[in-house]
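Coordinate inspection notes
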Amino acid sequence: MIEFSAKNLKRGAYHHTFTAIGRCPRTGRLGIAVATGEMGVGGRVPFISANVGAVATQAYTDPRLGPLAIRLLELGYPAERVLKDLGESDPYAGHRQIGIVDRWGHTAVATGAANSAWAGHRTGPGWIAMGNAIVGADVVDAMGVAMDTAEGEDIETRLMLALEAGADAGGQPDGQRSAGLLVYENAGFAIVNLRVDDDPEPIGELRRLFDKLYPLIPYYRERPDNPTIGRVKDWAKARGILDGGVERP
């Protein structure tokens, strides 16, 4: 397990969002991890279409921009062109923070001038880390380090580590309230779709759920093509998965 140390950074009055977006260079799978100080962030920020792209729209967000960006990516527009068109069509572009990773792993990200400080982003090969109204640049820097250091891991693991690294580096001034992790298989369905909508420690709860789901992912990948695979409870028991979210005392 990769670990990152927390930093004692001053907290203030803002509540906003930090997010990691990534494409797996081995498989092409796409995912987004996000946390914020408001409820239900998993329903407003992440948008993914398999083999097309991943889009996160946040700050003073307009969730309609996500589906619009996906439509443009489906038409074959690269990430930079999509971001340019969104900015030109949105009269409040300066209030938005938008990140796009397309099917080729190209990245495009914009942090509007009207975002609450600290706001900014980092990019690397096939990934984006971005945040607004967070304690400082250390948050997105730590997320970027996590994405790079865990490059050999599955994209869902990399994104989970990046979210935790952002929180450990200070996250938002007054903490987080909701979090989400969304990852799509190339076959066109979400293999991870976890949300914590209202919790005093949403990233910790997201990690708890992730650790239960992760051993079961091979089962859920196989089942669409092999309905004779049986019940997940039996599959997990046969493999010694004792706490895979399928049995409760």
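This text goes with the structure placed above it.
As a starting point, this report considers the structure included with it.

**A look at the sheet that holds strand E8 (residues 127-131)**
- Taken together, 6 strands build an open sheet; the order of strands is E7-E8-E1-E2-E9-E10 and the sheet is antiparallel. Only two strands of the sheet have a single neighbouring strand rather than two, namely strand E7 (120-124) and strand E10 (190-196). Adjacent strand axes in the sheet meet at a mean angle of 5 degrees when their direction is disregarded.
- Where E7 meets E8, 5 bridges bridge the pair, whose relative direction is antiparallel.

**Points about helix H4 (residues 155-168)**
- With 14 residues, H4 ought to run about 20 Å at 1.5 Å a step, and its terminal C-alpha atoms sit 20 Å apart, in line with that.
- All of the buried residues along H4 are Ile155, Glu156, Thr157, Arg158, Leu159, Met160, Leu161, Ala162, Leu163, Glu164, Ala165 and Gly166.

**Considerations on the packing of helix H3 (residues 137-149) against H4**
- Contact geometry of H3 with H4 gives a least axis separation of 8 Å together with a crossing angle of 155 degrees. In this view, H3 runs roughly antiparallel relative to H4, as classed from their interaxial angle. Every pair of crossing elements has a handedness; the one defined by H3 and H4 is right-handed. Together, Val139, Ala142, Met143, Ala146, Met147 and Asp148 of H3 and Ile155, Arg158, Leu159, Leu161, Ala162, Ala165 and Gly166 of H4 make up the contact between the two elements.
- Of the residues contributing to the contact of H3 with H4, the split by class is 10 nonpolar, 1 polar and 2 charged.

**Description of the nonpolar core**
- Within the largest apolar cluster, 35 residues are counted, with the highest numbers of intra-cluster contacts made by Phe18, Leu159, Leu163, Leu181, Val192 and Leu206.
- Those elements that place two or more of their residues in this core are strand E1 (17-23), strand E2 (30-36), E8, H3, H4, strand E9 (178-184), E10 and helix H5 (202-213).
- By residue number, the principal contributor to this core is H4, which donates 7 residues.
- For leucine 181, the contacting residues outside a window of four places in its chain are Ile32, Ala33, Glu156, Leu159, Met160, Val192, Asn193, Leu194, Leu206 and Phe210.

**Comments concerning the pattern of salt bridges**
- Counted under the stated rule, the structure contains 16 salt bridges.
- Arginine 122 is paired through a salt bridge with aspartate 141; the nearest N and O atoms lie 2.7 Å apart. Placement of arginine 122 in strand E7 and of aspartate 141 in helix H3 is noted, with a sequence separation of 19 residues between them.
- By relative accessible area, which is 30% here, arginine 122 ends up partly exposed.
- Exposure remark for aspartate 141: the relative accessible area of 32% places this residue in the partly exposed category.

**Quick notes on unusual backbone geometry**
- The linkage connecting alanine 117 with the following residue, tryptophan 118, adopts the cis geometry, with an omega of -10 degrees.
- You can see tryptophan 118 is positioned in the loop between strand E6 (107-111) and E7.
- A positive phi angle, near 65 degrees, is found at alanine 59, a position not held by glycine.
- Its place among the elements puts alanine 59 in strand E4 (residues 53-59).
- Notably, alanine 133 is not glycine yet its phi reads approximately 55 degrees, a positive angle.

**Brief notes about the environment of glycine 171**
- With respect to the element layout, glycine 171 can be found in the loop between H4 and E9.
- For glycine 171, a relative accessible area of 0% corresponds to the buried category.
- The spatial distance from the C-alpha of glycine 171 to the C-alpha of isoleucine 98 is 18 Å, given a sequence separation of 73 residues.
- Contact partners of glycine 171, with chain neighbours within four places excluded, come to Phe18, Ile134, Val135, Val139, Gly166 and Gln176.

**What to know about the layout of surface pockets**
- Computed from the structure, the largest pocket encloses a volume of approximately 210 Å³.
- Taken together, 14 residues form the lining of the largest pocket, with Ala167, Gln176, Glu201, Ile203 and Gly204 sitting closest to its centre.
- If you list the elements that add at least two residues to the lining of the largest pocket, you get H4 and H5.
- Residue classes in the lining of the largest pocket are distributed as 4 nonpolar, 6 polar and 4 charged.

Quick notes on the rules
Residues numbered from 1 in each chain as written. Predicted model: local features only at pLDDT ≥ 70, side-chain atom pairs only at ≥ 80, totals over all residues. Heavy atoms only, no water. Pairing = 2+ DSSP bridges. Helix = DSSP H or I, 4+ residues; strand = E, 2+ residues; numbered from the N terminus. Axes fitted to C-alpha atoms, helices over the stretch in contact; angles between N-to-C directions. Expected span 1.5 Å × (residues − 1). Buried < 20%, exposed > 50% of the residue type's maximum accessible area, 1.4 Å probe, protein only. Parallel < 35°, antiparallel > 145°, perpendicular 65-115°, else oblique. Left-handed = near helix turned anticlockwise from the far one by under 90°. Contact = heavy atoms within 4.5 Å. Nonpolar A, V, L, I, M, F, W, Y, C, P; charged D, E, K, R; others polar. Core = buried A, V, L, I, M, F, W, Y, C linked by side-chain atoms within 4.5 Å. Salt bridge = Lys/Arg side-chain N within 4 Å of Asp/Glu carboxyl O. 1 Å grid on protein atoms, 1.4 Å probe; cavity = no way out; pocket = protein on both sides within 12 Å on 5 of 7 lines; lining within 4 Å. Points joined across faces, edges and corners; volume = space filled by probe spheres on them.

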